[in-house]
Amino acid sequence: MARAASHVRQPLRRIGVAAIASGLLLVTQSLAAASVAASTVPLTITADRPAAVPTGHNWAYNDFFPRTISVHQGATIQFAIEGFHTATLVPPGPGPTSIRRAMGLLKPDGDDIAANPNGSTHTQINMGALFPVPGGCGSTAHPCTFDGSSPVSSGAPLAGPIAPLNVKVTAKAGFYRLVCLIHPQMQGWLVVVPSEFHATTAADLATQVSTQIASDRAAGYAAEAAANRAGVHLNADGTRTWTISAGTGSPNGHVTVLEMLPRNLSIRKGDKVTWVSRATNEPHTVTFPRDLHTDMVALCESGATDVPAIPTVTPPTGPQDFSCGGGPPDEVEFDGGNGVSRVTSRTMVSDSGVIASSAELAGFGLPSSAARTRWTVSFVGASRTTYHYLCQIHAGMVGTIVVH
Ligand SMILES: [Cu+2]
């Protein structure tokens, strides 16, 4: 079964790391093209809005600004990617989960049947989701064309910012989904209206965007405040089990709060701490005491259990620095943790692997076994000191546990 599946997966493997090189080339080309002044200014849909995140908060807007835009057939619009997102226009028909199952960032690794160290099943990263579709278009001089029959996607900013993607809309009147292949719930609509109907103007767009920012900010504050308290349960043996949040977000997923909440927690020696992933469209890790760079793991196919790929650069900085038999890694997987769930010293390495809400998993059509929704670390026998931990996936998502 593993052999057959690995044969089927060959094209994906090619998309994998081989695509990193061609993708980077495209990024360079489109940046060069962007320096050519545009003669007309197309309406711009922005994916995320880092400038609208309040100071001192580690949030992202998993939202398109504006979420809905109406255009006439033949209009050119632009997508500006300001966070780690894609802007992907898809033909009518399949719903968001089907789209993500076919094109999204995460998919089950069905042929690797061994459990991860944290007990979850293997989840593979579909690198193709991170690259432009089709490649080679999108500059102001050479916009991509969305005719309603095949997807157009920006790709994600893998190696620094990417130039805005220009898309000429030739699709007939109708509703077309705009999705992010990385974040479930990040979606909007492109509405192609007949010529006698009103299309979105620059003024309409500005109003929609400021309304959305105001409501997203309010939702972000509310979500952060709701999660910023520790639950505590007194155990029969006198120890406590604390429950805190590894990330949260607004219920509609438009704001994601990339914070450990509460950020600092004081406990007693012998207590336990449980982290719950409350974000509906972000995965996280709880990793002591530092970034292990294992949030994405490069693997080689080897029967029913994949084996680690061989580093080609020391120290490796990502999946591109690994090889399988001289070629790129066969696949890249999400962090399965190191299976260590008890921390007793400041140097001890304990990695939850990916923890994610059931909504996040369902968004990609992944089984509930694909990630843990919560992770517990025991501090039985721990030294009385301050323990630092972080999320390997999201920069700045850090916390401390102080053991008294
Ligand atoms: Cu995170």
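Thresholds applied
- Numbers given for residues are sequential positions, taken from 1 along each chain in its written order.
- Two thresholds apply to this predicted model, a pLDDT of at least 70 for residue-level local features and 80 or more for giving and counting side-chain atom pairs, whereas whole-chain, interface and lining totals are computed over all residues.
- By convention in this description, side-chain values take in all heavy atoms of the structure and omit both hydrogens and water.
- Coordination partners: N, O, S within 2.8 Å of the metal, 3.2 Å for Na, K and Ca; water not considered, so apparent gaps in a site are possible.
- For four-coordinate sites, all angles between 85 and 135 degrees define a tetrahedron; for four- and six-coordinate sites, opposite donors beyond 155 degrees with the remaining angles between 65 and 115 define square planar and octahedral shapes respectively, and all other cases count as irregular.
- An automatic or database domain assignment supplies the residue ranges for each domain.
- Note on contacts: a residue pair is in contact if any heavy atoms of the two residues lie within 4.5 Å.
- Summed over both partners, the accessible area lost on bringing two parts together, with a 1.4 Å probe, is the buried area.
- Here a polar contact is taken to be a pair of N or O atoms separated by no more than 3.5 Å, where protein atoms must pair a possible hydrogen donor with a possible acceptor and residues adjacent in sequence count only if both atoms sit in side chains.
- Numbering of helices and strands runs from the N terminus, with a helix taken as a DSSP run of H or I at least four residues long and a strand as a DSSP run of E at least two residues long.
- Amino acids outside the nonpolar list (Ala, Val, Leu, Ile, Met, Phe, Trp, Tyr, Cys, Pro) and the charged list (Asp, Glu, Lys, Arg) are all regarded as polar, and Gly is one of them.
- For the exposure calls, accessible area comes from a 1.4 Å probe over protein chains only, and a residue counts as buried if that area is under 20% of its type's maximum, exposed if over 50%, partly exposed in between.
- As used here, the arc belongs to the directions running from the helix axis to the C-beta atoms.

Undergrad: Help me out: how do you make sense of the coordination of the copper ion in this one?
TA: Reference values for angles at a metal are 109.5 degrees in the four-donor tetrahedral case and 90 or 180 degrees in the six-donor octahedral case. Surrounding the copper ion are the protein donor atoms His284 (ND1), Cys391 (SG), His394 (ND1) and Met397 (SD), at 1.9 to 2.8 Å. Viewed at the metal, the four donor atoms of the copper ion are separated by angles of 82 to 126°, and the geometry they form is irregular.

Undergrad: Where do I start with the domain arrangement of the protein chain in this structure?
TA: Frequently, the measure chosen for interface size is the accessible area that the parts lose on association. Looking at the protein chain, the domain boundaries give domain 1 (2-103 + 129-210) and domain 2 (229-295 + 335-403). Contacts between domain 1 and domain 2 engage 17 residues on the former and 20 residues on the latter. In total, about 1,500 Å² of surface goes out of reach between domain 1 and domain 2, with carbon and sulfur atoms giving 44% of it. The interface formed by domain 1 and domain 2 includes twelve residue pairs in polar contact (both at pLDDT 80 or more). When residues of the side of domain 1 that touches domain 2 are traced back to their parent elements, those giving at least two are strand E2 (59-61) and helix H3 (96-103). Of the residues assigned to the side of domain 1 that touches domain 2, the class counts are seven nonpolar, six polar and four charged.

Undergrad: Mind showing me how you'd approach the environment of histidine 198 here?
TA: Following the sequence through the fold, histidine 198 ends up in the loop between strand E13 (187-193) and helix H4 (202-227). In sequence terms histidine 198 and serine 358 are 160 residues apart; their C-alpha atoms lie 40 Å from each other. Other than its neighbours up to four places away in sequence, histidine 198 contacts Ser70, His72, Val193 and Asp204.

Undergrad: Would you mind showing me how to read H3 here?
TA: One full turn of an α-helix is made of 3.6 residues, so residues set three or four places apart face in the same direction. Those residues of H3 lying buried are Pro96, Ile99, Arg100 and Met103. Across the axial projection of H3, the buried residues extend over an arc of 95°, all falling on one side. Of the exposed residues in H3, those oriented more than 90 degrees away from the buried face are Arg101 and Ala102. Tucked into the core, H3 has its buried residues touching strand E6 (88-90), strand E12 (174-179), E13 and helix H5 (358-363).

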